[in-house]
Amino acid sequence: MPHLCASCLALGLTRADFENPPFVPEGKYHSIALRGTIGDLRIREAGCGLCRLLLHALSREARSQPELLSDRGADWEAEWMQNAFEYDPNADGAEAKYGSALYPKFKAATGSSNYGVQLVDDAATTVPLRGRAISDEVDMERVASWIRRCREEHGPRCVEGYLAAADHPIGVPGFFVIDVNRKCLTTLPGGMEYVALSYVWGKSSFVNTTKSNVDLFRIDGAFGRVRLPKTIRDAIEVAARLRYRFLWVDAVCIVQDDDSTKPLLIRSMDAVYGNAALTIIAASGTHAAAGFLRSRNRVNGDPESSFAVQEISLGFSLGVIPFLDGELMHCPHAQRGWTFQEGCRSPRCLVFLDGLAYFVCRTSVWREDLVAESSDFSPFEGANVLGKTSSEWP
Ligand SMILES: [Zn+2]
Ligand SMILES: [Zn+2]
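My aim in this report is to walk through the structure given alongside it, one point at a time. Just so it is clear, the model here is predicted, and its values are computed rather than measured.

The rules behind each value
- Residues numbered from 1 in each chain as written.
- Chains lettered and ligands numbered in written order.
- Predicted model: local features only at pLDDT ≥ 70, side-chain atom pairs only at ≥ 80, totals over all residues.
- Pairing = 2+ DSSP bridges.
- Helix = DSSP H or I, 4+ residues; strand = E, 2+ residues; numbered from the N terminus.
- Axes fitted to C-alpha atoms, helices over the stretch in contact; angles between N-to-C directions.
- Buried ≥ 20, exposed ≤ 12 C-beta atoms within 10 Å, placed from the backbone.
- Expected span 1.5 Å × (residues − 1).
- Arc of directions from axis to C-beta.
- Contact = placed C-beta atoms within 7 Å.

In spatial order, the strands read β7-β6-β9-β8-β10-β13-β14-β15; together these eight strands make up an open sheet with mixed pairing. In this open sheet, the two edge strands, each paired with only one partner strand, are β7 (184–187) and β15 (365–367). Adjacent strand axes in the sheet meet at a mean angle of 30°, parallel and antiparallel pairs treated alike.

Structure, rendered in structure tokens:
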């Protein structure tokens, strides 16, 4: 028995509605399916999975206009739209290929909706632009396959960016990296790759490298003996699990009170991020102790998280899939213009946002919660739900 309220039940939703457009387009590519007020959703959400998802999507949408969410009389409407950018009813097969989603939006809001309620299948699904279930932890094997695929299929396109690559920072005096195997500071051996971390420091102080401890930090096991902040520990774990041996983190790899090397390194940020094999972006944290690896069992439907999935009936689950651009725009990392720029310098970024991993290179955007590993469409142009590639970041 589906857990739906009478209004949602009356839609007669089936999987097929999300696989093929169940609508005759009004105008070019959309059709209103449901409408109501915030008050309606608040009454029905306890007994209806779809109302819960619609409310979740509208809550995320209302982050820039919170007064809409607190007004029980605020009107919303949900329309069917294609997951691909353009819906052309005359195009051959395109509509069945990419599926459709229900996009709820406040009638008083400007702009279009950034949150679609769409079909979510198990993690093994390969249907393009199909939502997929996530497990309790980030699937590092999947992340590793994205990096491998970028290297093998995108090649130079993703390394020689639109920004002229700056010289490798290995020649800059004081350029240290963390050896994640030996858990200590070291100089980067020639020809070796490294990962860089981009994060928000925040206001509280934490362990960093100074002239007084740099020699201690160069001894094997040093970072097992001091407690680095969680964001940096998480980055060390991710680098190790992706089999990168070296990691660059500003607080640890720049000797903070060394006036002879610090200014040179600060001036070389383009080179440090531009030459990293991968930049890990901790997008959600407002401080270094926030960390970005977390259990995801508890985030389902949490208003602080973009992630929400509901089983409507056996084998038929729906979830809120956000447009990546909309999520990135609101994250603490993007609020800090300079940290966001670090991402733009990087050929490949692994963005951790609300506990989910997104891979953004100059060619593709791949994400855990949506199947996008296809060469049939490109981010933004073909599928705006994916957002922009890093070559189009501000
Ligand atoms: Zn409902
Ligand atoms: Zn790539």
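It is worth spelling out the environment of R151 at this point. Summarising the element assignment, R151 is placed in helix α7 (residues 140–154). In this structure R151 comes out as partly exposed when scored by C-beta crowding, with 14 C-beta atoms within 10 Å.

This part takes up helix α4 (residues 49–61). Between the first and last C-alpha of α4 there are 18 Å, a value that for 13 residues agrees with the 18 Å anticipated at 1.5 Å per step. For α4, a buried count of 13 out of 13 residues is recorded, marking the element as mostly surrounded by other parts of the structure.

A separate point is unusual backbone geometry. Despite not being glycine, R243 shows a phi value in the positive range, around 65°. With respect to the element layout, R243 can be found in the loop between α10 (230–241) and β9 (246–248). A residue is classified by how many C-beta atoms lie within 10 Å of it, and R243, with 10 of them, is exposed. Located in the positive-phi region is D354, a residue other than glycine, with phi close to 50°. By the C-beta count within 10 Å, which is 18 here, D354 ends up partly exposed.

A few words now on α7. In this model α7 runs 20 Å from its N-terminal to its C-terminal C-alpha over 15 residues, within 8% of the 21 Å that 1.5 Å per residue would give. For α7, the set of buried residues is V143, W146 and C150. Down the axis, α7 shows its buried residues gathered within 50° of arc, on one side only. Summarising the geometry of α7, the exposed residues directed more than 90 degrees from the buried face are E141, R148, E152 and E153. Structurally, α7 contributes buried residues whose contacts are with β13 (348–353), β14 (356–361) and β15. Downstream of α7 by one or two residues, G155 has phi in the positive range, about 50°.

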